[in-house]
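Analysis of the macromolecular model
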There are 2 protein chains.
Amino acid sequence: MSLDNAALTIFGSSLSGNCLKVKWVAERLGLPFDWVEIDVMKKETRSAEFLALNPAGQVPVVRFADGRLLAQSNAIVLYLAEGSNLIPEGFDRALMLQWLFWEQYSHETAIAVLRFRKTYLKLPPDQIDPSLEPRSRKALDVMNDHLSTRGYFVAGRLTLADIALVGYTRWSHEAGLDLKEWPRVQAWVARIESDLNIGRA
Amino acid sequence: MSLDNAALTIFGSSLSGNCLKVKWVAERLGLPFDWVEIDVMKKETRSAEFLALNPAGQVPVVRFADGRLLAQSNAIVLYLAEGSNLIPEGFDRALMLQWLFWEQYSHETAIAVLRFRKTYLKLPPDQIDPSLEPRSRKALDVMNDHLSTRGYFVAGRLTLADIALVGYTRWSHEAGLDLKEWPRVQAWVARIESDLNIGRA
């Protein structure tokens, strides 16, 4: 971890959709940043040095030039994007926040956890919580239904809701879930990847 | 926000800290509301009638007089409290959001789930995920450390961060956790209960 004069330093893992969403928002907004890779497989989030940045021991965390620190991916993107067209106004903003909280509570805790245990920890099936797959499927069902009448989650355009949700959705295959079963989600993932100029997962 | 003519209906469960936080914020702001009790033990959140209010099948959800619907407790309180002194300005607002997301991701998913399985489902210990207690203890450790230099979570006064976090923290004993082990958390719970004029849990 180097001290420098960057306006924004993102401490994150490239394996984490939570961290990449911060990077994508910074890029979209044209905010210069330094990326400091934190190796979660080596438990670097448990080091004293890291815990001084975020006592909760989680990535991502960002540091501003004046030393202020901010954690929680969706809190970070809300702060970075304040006043930009990634955050709609009025009730659409409330609906965007609804999706951001749902993402962290009902989506990330299923799909991201299942993916990590299957693909990164390589646990055998009998050591993986059997509720994770049905909960992941339920999350994708909710998304597919919502997208039946919309191209984006809120306000008819790209917002933080899409950016937050696409983080782990685009890696569903690493959780053993084929998005062909959820065709509107699959089409939406391609749309958001294109909007963000990020390659296919 | 301004709510004309008692235009808010809260669909919630009195057993849920997520739902009570919405009630407390409405009361604090002097917003008239109707409360519709949803019996989660009888799986009323799975009924077609309820799923029409919130396809994600979760309480709380609120309905405004014009029919607009909003789910996710923290998204609801952020909308209701916009412009009030429960939401600080600038970077303090970002820090408040950090705690709101942490509450839903790292605190509720441990303490609230452990409480529900122990006290409401009355599951025997060997049927309760063994990670729930250490994760709950970790959450209380993080809170106790943060409160070592503060009486409130953010901005030196009552904000949505305190209201969201107190919801399940005050019921820690129902999760088998005695707040005497976390004395600053215990004192803070009493402070917030007093500020909100709610009885001791």
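Residues numbered from 1 in each chain as written. Chains lettered and ligands numbered in written order. Predicted model: local features only at pLDDT ≥ 70, side-chain atom pairs only at ≥ 80, totals over all residues. Heavy atoms only, no water.

Moving on, we get to the domain arrangement of chain A. Quite often, the size of an interface is put as the accessible area lost when its parts meet. All names here are of chain A. In terms of domains, chain A is made up of domain 1 (8-81) and domain 2 (90-195). Taking only C-alpha atoms into account, the centre of domain 1 sits 21 Å from that of domain 2. Interface area, domain 1 with domain 2, both sides summed: about 1,400 Å², of which 67% is carbon and sulfur. Where domain 1 meets domain 2, there are one salt bridge. Between Glu103 and Lys21 there is a salt bridge, with the nearest N and O atoms lying 3.0 Å from each other. The tally of links between domain 1 and domain 2 comes to 10 residue pairs in polar contact (both at pLDDT 80 or more). For the side of domain 1 that touches domain 2, the element with the most residues is helix α1 (residues 17-29), which contributes seven residues. Classifying every residue of the side of domain 1 that touches domain 2 gives eight nonpolar, seven polar and two charged. (Domains from an automatic or database assignment. Buried area = accessible area lost by both parts, 1.4 Å probe. Salt bridge = Lys/Arg side-chain N within 4 Å of Asp/Glu carboxyl O. Polar contact = N/O pair within 3.5 Å; in protein donor to acceptor, adjacent residues only side chain to side chain. Helix = DSSP H or I, 4+ residues; strand = E, 2+ residues; numbered from the N terminus. Nonpolar A, V, L, I, M, F, W, Y, C, P; charged D, E, K, R; others polar.)

In this section: the nonpolar core. One finds A:Leu160, A:Trp188, B:Leu160 and B:Trp188 to be the most contacted residues of the largest nonpolar core, which totals 121 residues. Top contributing element to this core by residue count: helix α4 (residues 90-120) of chain A, with 12 residues. Non-local contacts of B:Trp188, meaning those with residues more than four positions away in its chain, are made with B:Met143, B:Leu147, B:Gly151, B:Tyr152, B:Phe153, B:Asp162, B:Leu165, B:Val166 and B:Thr169. Listed in part, the nine residues of the second largest apolar core include A:Phe11, A:Ile38, A:Leu53 and A:Ala71. (Core = buried A, V, L, I, M, F, W, Y, C linked by side-chain atoms within 4.5 Å. Buried < 20%, exposed > 50% of the residue type's maximum accessible area, 1.4 Å probe, protein only. Contact = heavy atoms within 4.5 Å.)

Compared with the 21 Å implied by 1.5 Å per residue over 15 residues, the 21 Å span of helix α5 (residues 132-146) of chain B between its first and last C-alpha is a close match. Lining the buried residues of α5(B) we find α4 (90-120), α6 (160-169) and α7 (183-195) of chain B. (Expected span 1.5 Å × (residues − 1).)

Right, let's talk about the relation of the copies chain B and chain A for a bit. The two copies are related by a screw motion: chain B maps onto chain A through a turn of 180° and a shift of 0.0 Å along the axis, at an RMSD of 0.0 Å. The two molecules are tied by a two-fold rotation axis, judged by turn and shift. Residue B:Tyr105 of chain B places its C-alpha closer to the rotation axis than any other residue of that unit, at 2.9 Å. In this assembly, 100% of the residues forming the interface of chain B have copies in chain A that are likewise at the interface, indicating an isologous arrangement. (Least-squares fit on C-alpha atoms with pLDDT ≥ 70 in both.)

All right, on to the sheet that holds strand β1 (residues 8-12) of chain A then. Spatially, four strands are ordered β2-β1-β3-β4 (chain A) in an open sheet, and the strand pairing comes out mixed. Every other strand in the sheet has two partners, leaving β2 (34-37) and β4 (69-71) of chain A as the edge strands with one partner each. The average undirected angle you get between the axes of adjacent strands in this sheet is 20°. Packed onto the sheet, α4(B) meets β3 (61-64) and β4 of chain A and runs at close to 35° relative to β4(A). (Pairing = 2+ DSSP bridges. Axes fitted to C-alpha atoms, helices over the stretch in contact; angles between N-to-C directions.)

A few words now on the pairing of β1(A). Residues and elements named next belong to chain A. Burial analysis of β1 places five of its five residues in the buried class, the great majority of the element. Residue alternation in β1 divides its side chains into two sets, Leu8, Ile10 and Gly12 and Thr9 and Phe11, and both sets are buried. Pairing of β1 with β3 involves four bridges; the strand directions are antiparallel. The residue of β3 that forms the bridge with Leu8 is Phe64. In terms of strand pairing, β1 meets β2 through four bridges, oriented parallel. By the bridge assignment, Ile10 is partnered in β2 with Trp35. The β-α-β motif built from β1, the intervening α1 and the parallel element β2 has right-handed crossover chirality. (Right-handed = clockwise from strand over helix to strand, strands pointing away.)

This paragraph deals with the interface of chain B and chain A. Facing 31 residues of chain B, the contacting portion of chain A comprises 31 residues. A combined buried area of about 2,700 Å² lies between chain B and chain A, and 66% of that area is made up of carbon and sulfur atoms. Taken together, the connections running from chain B to chain A amount to two salt bridges. For A:Glu82, the salt bridge identified is with B:Arg93, shortest N-O distance 3.5 Å. At the junction of chain B and chain A, the tally comes to nine residue pairs in polar contact (both at pLDDT 80 or more). For the side of chain B that touches chain A, the secondary-structure elements that each account for two or more residues are β4 (69-71), α3 (73-81), α4 and α5 of chain B. Per-element tally for the side of chain B that touches chain A: the top contributor is α4(B), with 15 residues. Here the side of chain B that touches chain A is built from residues that sort into 18 nonpolar, eight polar and five charged.

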